[in-house]
2 protein chains.
Amino acid sequence: MATSSLSLLLISAGIISVLLQAASASKTRHFKWEVGYIYASPDCNEKILIGINGQFPGPTIRAKAGDTIHVELKNTLHTEGVVIHWHGIRQFGTPWADGTASISQCAIDPEETFVYRFRVEKAGTYFYHGHYGMQRAAGLYGSLIVDAADGEAEPFRYDGEFNLLLSDWYHQSIYDQTVGLSSKPFRWIGEPQTLLINGRGQYNCSLAAHLIEGSNTCETTSKDCAPVVLRVLPNKTYRLRIASTTSLSSLNLAIGNHKMVVVEADGNHVEPFMVDDIDIYSGESYSVLLTTDQNPSSNYWLSIGVRGRKPKTSPALAIVNYSPNSPSKLPESSPPIAPEWNDYNHSKSFSYRILARRGAPKPPQSADRRIVLLNTQNKIDGYTKWSINNISLALPPTPYLGSMRYRLKNAFDAGTPPENFPSSYDVMKPPTNPNSTQSSNAYVIRFNSTVDVILQNANALAVNVSEIHPWHLHGHDFWVVGYGDGRFDEKDVARFNLKNPPLRNTVVIFPYGWTAIRFVADNPGVWAFHCHIEPHLHMGMGVIFAEGVEHVGKIPKEALVCGMTGKMLMHNHLP
Amino acid sequence: MATSSLSLLLISAGIISVLLQAASASKTRHFKWEVGYIYASPDCNEKILIGINGQFPGPTIRAKAGDTIHVELKNTLHTEGVVIHWHGIRQFGTPWADGTASISQCAIDPEETFVYRFRVEKAGTYFYHGHYGMQRAAGLYGSLIVDAADGEAEPFRYDGEFNLLLSDWYHQSIYDQTVGLSSKPFRWIGEPQTLLINGRGQYNCSLAAHLIEGSNTCETTSKDCAPVVLRVLPNKTYRLRIASTTSLSSLNLAIGNHKMVVVEADGNHVEPFMVDDIDIYSGESYSVLLTTDQNPSSNYWLSIGVRGRKPKTSPALAIVNYSPNSPSKLPESSPPIAPEWNDYNHSKSFSYRILARRGAPKPPQSADRRIVLLNTQNKIDGYTKWSINNISLALPPTPYLGSMRYRLKNAFDAGTPPENFPSSYDVMKPPTNPNSTQSSNAYVIRFNSTVDVILQNANALAVNVSEIHPWHLHGHDFWVVGYGDGRFDEKDVARFNLKNPPLRNTVVIFPYGWTAIRFVADNPGVWAFHCHIEPHLHMGMGVIFAEGVEHVGKIPKEALVCGMTGKMLMHNHLP
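Sequence positions are assigned chain by chain, starting from 1 and proceeding in written order. Think of it this way: whatever chain is written first is A, whatever ligand is written first is 1, and the rest follow in order. Reporting in this predicted model follows two pLDDT cut-offs: at least 70 for local features of residues, and 80 or more for side-chain atom pairs to be given and counted; totals over whole chains, interfaces and linings ignore these cut-offs and use all residues. To obtain the side-chain values, all non-hydrogen atoms of the structure were included, while hydrogens and water were left out.

Attention now goes to the overall build of chain A. On a plain count of helices and strands, chain A comes out with seven helices and 32 strands. Taking 25 Å as the expected radius of gyration for a compact globule of 575 residues, we find that chain A reaches 24 Å, a close match to that expectation. Along the three orthogonal principal directions, the C-alpha set of chain A runs to about 85 × 70 × 55 Å. Summary of the burial criterion: residues with accessible area below 20% of their type's maximum are buried, those above 50% are exposed, and those between are partly exposed, where the area comes from a 1.4 Å probe applied to protein chains only. Counting over 575 residues, chain A shows a buried share of 61%. Note on definitions: a residue-residue contact is assigned when non-hydrogen atoms from the two residues lie within 4.5 Å. Within chain A, contacts between residues separated by at least 24 positions form 79% of all contacts whose residues are at least 6 apart in sequence. Surface exposure of chain A reaches about 21600 Å², of which carbon and sulfur atoms provide 53%. Working definition: helices are DSSP H or I runs of at least four residues, strands are E runs of at least two. Numbering for both runs from the N terminus. Each radius of gyration reported is based on C-alpha atoms, and the globular scaling rule is 2.2 Å times the count of residues to the power 0.38. For every accessible area listed, the method is Shrake-Rupley and the probe measures 1.4 Å; residues are considered covered only by the protein chains on display.

So this is what it looks like as structure tokens:
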């Protein structure tokens with residue numbers, strides 16, 4: 001008896017110790033944020049923008065896999081609501097924390113506080129941003145870096161790291177931009193004025209050229225818009241975490257004289273491959289390894305240029321500064337030049353090389369359902385829109401999560417949106433009938449089923465125009481199982497890569513091409529799937545996936561205070 | 001029996017007929033409005049502004065005394081809340097319809113609809129405008145004209161009328177303006193670019209001069225900013241309804257060669273008096289009678305200039321067009337020139353002439369309480385503010401009406417703000433200690449008591465600067481019982497005009513002067529009393545009066561959905 005009690009005690013002690021260890025390893029990280037307007041000069045042109053705690057970009061969140069993030073967010077904008085989306089975070093069990101207005105929650109009103117509390121499951125390079133109106137384009141974004149859990153290691157080695165959050169910048173306010181997009185006649189907001197690296201860029205000046213000629217006309221002396229400096233030691237390996245939260249621009253990044261090895265995409269390990277430059281689309285993130293194996297007496301340019309649209313925005317430049325050189329020592333070689341904006345073969349060859357790291361989990365070998373989504377530019381009552389299978393997404397006043405969870409009628413349009421488009425549709429030509437309709441209807445997906453989505457690109461309204469669209473899925477990673485040119489065909493299924501497709505949360509469709517993804521609908525909630533180009537989403541380019549909503553836990557009431565759920569709360573008709 | 005029944009029937013018929021008559025006389029007037037951004041070019045410089053149903057200024061409401069106004073207001077701004085204040089309407093019995101964010105209601109969220117339903121008791125010239133952030137300055141305003149009830153007549157005759165809603169216009173967005181005002185160091189928004197008449201003005205051009213010299217460089221061909229034309233017949237009398245909803249400017253209005261007879265101020269009849277020009281401050285309205293007794297072969301300029309601040313904004317011009325002259329026939333005489341901006345004697349002599357029309361109700365002959373309000377410019381933690389008795393008003397997240405009605409603790413700062421200021425304070429000099437504090441505390445006033453308020457002006461932060469402040473009281477008219485220069489003194493009470501003081505809802509304090517008002521606290525509710533200059537209110541220049549809140553009826557829940565009342569609604573803790 002005595003021995004037995006003792007061993008029980010010892011076993012218990014052991015269990016408690018394990019529990020304590022687990023508890024100490026997984027932390028809750030608390031942040032107290034105030035979102036409000038600040039003056040800032042990201043490109044040395046002053047503008048008001050949306051900052052967090054007075055900072056632009058917002059503070060970097062750094063955590064370890066398994067940690068819980070707790071952000072107490074107070075809205076101190078004067079008259080506007082706000083939400084923040086945690087881009088790439090799955091929100092398993094916390095779909096109300098996804099931070100999407102009209103989808104996962106009601107916008108947080110001025111002076112109100114909302115708590116975002118969610119677990120970061122997986123190490124990787126993520127970011128966060130506004131997801132209400134076009135507030136992301138107003139500067140509401142920042143980095144979210146998740147390190148491997150204690151005792152875990154990344155499957156690659158590096159001596160140091162740098163974080164590069166890329167964005168593009170307009171001098172026009174987002175109010176002007178938004179009204180232009182929803183005007184008749186349509187007013188296009190044009191190309192951004194500046195590309196930013198970590199919130200800094202140089203407007204209207206070829207910094208490199210000027211610096212090289214010794215006639216620097218840019219105000220690079222102001223630290224607000226001075227080039228970012230990456231201070232490195234020779235013969236080391238650095239991890240560059242690169243994420244893009246651009247409003248419009250697709251980007252290309254290269255470093256003079258150096259190659260890079262791609263090791264991570266959207267928080268997932270990829271089979272390492274070496275490149276001279278990487279393409280990065282809005283909503284994507286990469287980690288690349290940079291080995292400082294070049295002549296250490298020189299510095300080198302890191303250059304970011306525009307892809308996929310005729311560039312009217314100067315490249316953004318940063319300096320890779322080999323220690324102990326002065327950071328102001330000009331690189332001897334010119335900044336790398338991005339490939340021609342419309343060299344899509346270059347882009348495709350990069351995308352096609354991204355494959356899952358050996359040993360990564362494989363996708364289910366078949367899908368339960370296939371949804372084909374035709375991307376078209378359309379007209380509705382003279383307004384220019386983007387549509388998916390001829391439906392332009394109009395977000396409802398009552399967020400889907402609440403209205404679906406509580407089975408409210410008439411909170412959004414009934415019926416299932418189309419699963420395909422007419423076989424007669426010619427994706428290579430402008431729509432013969434550009435008229436489309438708006439709707440808030442949603443795809444309801446059987447819980448735990450496997451879904452293939454074929455994103456089919458097409459010709460826009462103008463002849464010979466087909467644009468790049470980076471599609472981002474909330475609540476999931478998906479496998480990118482195939483790409484193709486022209487129209488997707490049944491026989492393309494046989495060519496799907498089911499062996500080592502990469503897991504991503506964002507994937508691009510190339511002009512006149514298609515991209516096939518597969519995912520398992522295992523995350524109870526309502527999730528947006530949309531083009532990550534801010535004006536395109538604003539013009540209706542997205543769809544809604546709902547899965548296992550009956551398994552969603554108790555939604556915090558603070559997320560339900562608007563629309564029909566708000567009225568029900570008001571009259572005590574919600575549980 | 002038969003006779004008796006018959007007479008009963010006849011009597012009943014008579015009563016019914018009277019009831020029917022009453023019913024037909026007092027109408028409920030329904031309006032369905034959508035508030036949203038539109039492009040407009042009020043001064044031929046395009047800008048986005050807040051319009052109603054696509055119009056700027058918003059639609060004119062026209063009703064008869066005794067009517068009920070029912071406005072179903074849908075907010076179609078993308079991310080911003082909105083409210084509308086019905087300036088000059090008493091809101092007796094409907095304090096939740098006063099349209100003041102943080103005071104009478106929660107802001108209406110995007111996509112939500114709020115019904116403003118209230119009675120217009122008294123014929124007169126009113127207007128409505130945004131009362132959240134600085135949305136009034138974004139163009140959210142329009143006219144509200146109440147005609148005499150059927151069978152009632154105004155105590156003056158006229159053959160026709162014109163409505164002139166005056167405003168000032170900035171090219172800078174209200175977001176920029178707002179952030180500037182709440183920045184450290186303070187950034188003053190400067191003088192407006194243009195004065196507008198009914199939403200039209202001419203930027204950066206002396207229209208008159210140009211027209212006269214025949215070299216019109218202004219784009220007056222565009223109807224957006226063409227001068228307003230008042231088409232008149234000779235030898236008639238016209239009522240000009242003039243209201244000012246300027247953000248900053250005090251104005252003076254005159255008509256070449258013509259005199260005007262003032263007959264109405266803020267919806268109250270005044271003893272008619274003849275003037276060459278009138279001063280009008282933000283928040284005020286007047287009716288003047290214009291007799292077209294001048295040479296009918298000519299047209300005449302109506303000119304509006306800036307008072308009280310060194311004018312950097314060109315006068316606004318309209319044309320009084322004697323029929324059958326062409327409206328484009330240039331007036332032979334130059335536009336009237338406003339008095340020197342700092343000729344306060346001119347302003348005072350005008351204000352002092354405004355007296356109640358003979359037979360108007362007299363004020364109570366004594367007051368139960370006197371509150372002296374010292375107006376000072378201050379610093380709080382380096383921010384520039386306006387304070388009243390050294391307290392700068394900081395509006396609370398929970399509107400007072402709900403938090404007071406339901407006796408919530410901690411919804412706003414406790415304690416009564418001071419009723420006076422130190423006798424040692426020298427109003428003629430900058431504050432010796434400019435530090436002030438922010439608070440949301442309120443003056444609670446005994447229901448049905450009579451209150452005197454002495455508005456005491458003082459020197460601002462800079463030496464030899466004392467500004468004009470037009471103070472507007474919600475929920476009441478008040479009697480203006482006295483004005484004086486320098487510091488108010490007990491002996492001034494004896495000089496109060498209790499015989500024929502005018503009833504107003506807005507009154508000015510002149511530089512270094514004081515103004516005394518008297519009102520009866522007979523309207524259950526919570527009412528703002530504040531400087532009507534938009535940036536001044538934003539900088540804290542106001543106080544809160546609460547009276548008879550226990551008599552307030554059931555507040556619509558839609559007015560309570562924010563802050564602490566929102567949380568209580570959410571948890572079913574409100575009746």
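Further notes follow.
Here the focus is the interface of chain B and chain A. If you look at the interface, chain B gives 35 residues, while chain A gives 35 residues. Accessible surface is computed with a 1.4 Å probe, and the buried area is the amount of it that two parts give up when combined, taken over both parts together. When the area that chain B buries against chain A is broken down by residue, the three leading residues are Y39, T79 and M570 of chain B, summing to 21%. Should a side-chain nitrogen of Lys or Arg be within 4 Å of a carboxyl oxygen of Asp or Glu, the pair is scored as a salt bridge. Seen at the junction of chain B and chain A, the total is four salt bridges. Close ionic contact of E46 of chain A with R187 of chain B constitutes a salt bridge, the shortest N to O distance being 2.5 Å. A 3.5 Å cut-off defines polar contacts: any pair of N or O atoms within that distance qualifies, except that in protein one atom must be a possible hydrogen donor and the other a possible acceptor, and neighbouring residues in sequence count only when both atoms are side-chain atoms. The interface formed by chain B and chain A contains 12 residue pairs in polar contact (both at pLDDT 80 or more). Only β1 (28-40), α2 (174-181) and α7 (563-570) of chain B provide two or more residues apiece to the side of chain B that touches chain A. No other element matches the five residues that α2 of chain B contributes to the side of chain B that touches chain A. Of the residues that constitute the side of chain B that touches chain A, the class distribution is 12 nonpolar, 13 polar and 10 charged. Charged means Asp, Glu, Lys or Arg here, nonpolar means Ala, Val, Leu, Ile, Met, Phe, Trp, Tyr, Cys or Pro, and polar covers whatever is left, Gly included.

Residues and elements named next belong to chain B. Taken together, four strands build an open sheet; the order of strands is β3-β8-β7-β5 and the sheet is mixed. Edge positions in the sheet fall to β3 (61-64) and β5 (84-87), since each has one partner strand and no second. For this sheet, the mean inter-axis angle between neighbouring strands, taken without regard to orientation, is 20°. Bridging between strand β7 (residues 124-130) and strand β8 (residues 141-147) involves six bridges; their strand directions are antiparallel. Along β8, the bridge assignment pairs F127 with S143. We treat two strands as partners when DSSP finds at least two bridges between them. Fitting a line to C-alpha atoms yields each axis, with helices limited to the stretch in contact; the angle taken between N-to-C directions then spans 0 to 180 degrees.

This part covers unusual backbone geometry. With omega at -15°, the peptide bond leading from F56 of chain B into P57 of chain B counts as cis. Relative to the elements of secondary structure, P57 of chain B occurs in the loop between β2 (47-52) and β3. Phi is positive for N448 of chain A, close to 70°, though the residue is something other than glycine. Despite not being glycine, C44 of chain B has its phi angle at roughly 65°, a positive value.

Another point: the pairing of strand β27 (residues 478-485) of chain B. Residue and element names in this part refer to chain B. Where burial is concerned, most of β27 is hidden: seven out of the eight residues are buried. Pairing between β27 and strand β28 (residues 503-504): two bridges, direction antiparallel. Bridge pairing in β28 places F478 opposite R504.

Here the focus is the relation of the copies chain B and chain A. For these two chain copies, the linking operation is a rotation about an axis paired with a shift along it. To superpose the copies, least squares is applied to the C-alpha atoms of every residue with a pLDDT of at least 70 in both. Of the transformation superimposing chain B on chain A, the axial component is 0.0 Å and the angular component is 180°, with the fit at an RMSD of 0.0 Å. Classification of the inter-copy transformation places it as that of a two-fold axis. It is E80 of chain B whose C-alpha, among those of chain B, lies nearest the rotation axis, at 2.0 Å. Here 100% of the contact residues of chain B are again contact residues in chain A; the copies associate through an equivalent surface.

Attention shifts here to the sheet that holds strand β11 (residues 228-232) of chain A. Residue and element names in this part refer to chain A. One open sheet accounts for five strands, arranged β11-β19-β18-β13-β16; its pairing is mixed. Looking at strand neighbours, the two that pair on one side only are β11 and β16 (277-280), the edges of this open sheet. The mean angle between the axes of side-by-side strands here comes to 20°, regardless of whether they run parallel or antiparallel. Relative to strand β19 (residues 316-322), strand β18 (residues 300-307) is paired through five bridges, and the arrangement is antiparallel. Bridge pairing links S303 to L317 in β19. Contacting β13 (250-255), β16 and β18, helix α4 (residues 344-353) runs over the sheet at an angle of about 90° to β16.

Among the residues of helix α4 (residues 344-353) of chain B, those classed as buried are Y344, S347, K348, F350 and S351 of chain B. What you see down the axis of α4 of chain B is that its buried residues fit within an arc of 160°, all on one side. Each C-beta atom gives one direction from the helix axis, and the arc is the one those directions make.

All names here are of chain A. Inspection of the secondary structure assignment puts R29 in strand β1 (residues 28-40). Considered as a pair, R29 and T68 are 39 residues apart in the sequence and their alpha carbons are 6.1 Å apart. Ignoring anything within four residues of it in the chain, the contact list for R29 reads R62, A63, K64, D67, T68, I69 and H70. A distance of 2.5 Å separates the side chain of R29 from the side chain of D67, its partner in a polar contact.

A word on the domain arrangement of chain A. By a frequent convention, interface size equals the accessible area lost on bringing the separate parts together. All names here are of chain A. Marked domain ranges trace back to an automatic or database domain assignment. Once the domains are mapped, chain A shows domain 1 (27-147), domain 2 (160-353) and domain 3 (369-570). Once you take the C-alpha centre of each, domain 1 and domain 3 turn out to be 24 Å apart. On the side of domain 3, 36 residues touch domain 1, which itself brings 27 residues to the contact. For the domain 1 and domain 3 pair, buried surface summed over both sides reaches about 2400 Å², with 61% attributable to carbon and sulfur atoms. Contact with domain 3 buries area across many residues of domain 1, yet W96, I103 and C106 alone supply 27% of it, more than any other trio.

Bringing helix α2 (residues 174-181) of chain A into the picture now. Counting buried residues along α2 of chain A, seven of its eight residues qualify, which places the element largely inside the surrounding structure. What α2 of chain A keeps buried is the set I174, Y175, Q177, T178, V179, G180 and L181 of chain A.

Residue and element names in this part refer to chain A. Stacked, tilted and edge-to-face are the three classes applied to pairs of Phe, Tyr and Trp rings, where Trp contributes its six-membered ring and a pair requires centres within 6.5 Å; stacked means planes under 30 degrees apart, edge-to-face means over 60, and tilted covers the rest. On inspection of all chains with the given rule, the structure shows 55 aromatic pairs over all chains. Ring plane angle 40° and centroid distance 5.6 Å describe the contact between F56 and W169, whose orientation is recorded as tilted. With F56 in the loop between β2 (47-52) and β3 (61-64) and W169 in strand β9 (residues 160-169), this pair connects stretches of sequence that are 113 residues apart. W169 carries the same exposure label as F56, and that label is buried. Through a chain of ring-to-ring contacts, the aromatic side chains of F31, W33, W86, F114, Y116, F118 and Y128 assemble into a single cluster. As a reminder, the over-ring test applies to NZ of lysine and CZ of arginine, requiring each to be within 6 Å of the ring centre and within 35 degrees of the ring normal. Over the ring of W169 we find K47, and its NZ or CZ is 4.4 Å from the ring centre. Residue placement shows R405 over the ring face of Y406; its charged tip is 5.6 Å from the ring centre.

It is worth spelling out the UniProt feature "domain: Plastocyanin-like" (unreviewed entry) in chain A at this point. UniProt positions are given in the numbering used here, feature names are shortened, and annotations may be inferred rather than shown by experiment. Residues annotated by UniProt as "domain: Plastocyanin-like" (unreviewed entry) correspond here to residues 35-148, 162-324 and 429-548 of chain A. Secondary structure content for residues 35-148 of chain A is 0% helix and 43% strand, and the end C-alpha separation is 29 Å.

Think of a 1 Å grid over just the protein atoms. A cavity is a set of points where a 1.4 Å probe fits yet cannot get out, a pocket is an open set with protein on both sides within 12 Å along at least five of seven lines, and lining residues have an atom within 4 Å of a point. Grid points are joined across faces, edges and corners, and a volume is the space filled by probe spheres set on the points. Considering all chains together, one arrives at 12 cavities of 30 Å³ or more under this definition. What the largest cavity holds in volume is close to 350 Å³. Together, 29 residues line the largest cavity, and D109, V561 and C562 of chain A together with D109 and V561 of chain B are the ones closest to its centre. For the lining of the largest cavity, the secondary-structure elements that each account for two or more residues are β6 (113-119) and α7 (563-570) of chain A together with β6 (113-119) and α7 of chain B. For the lining of the largest cavity, the per-class residue count stands at 14 nonpolar, seven polar and eight charged.

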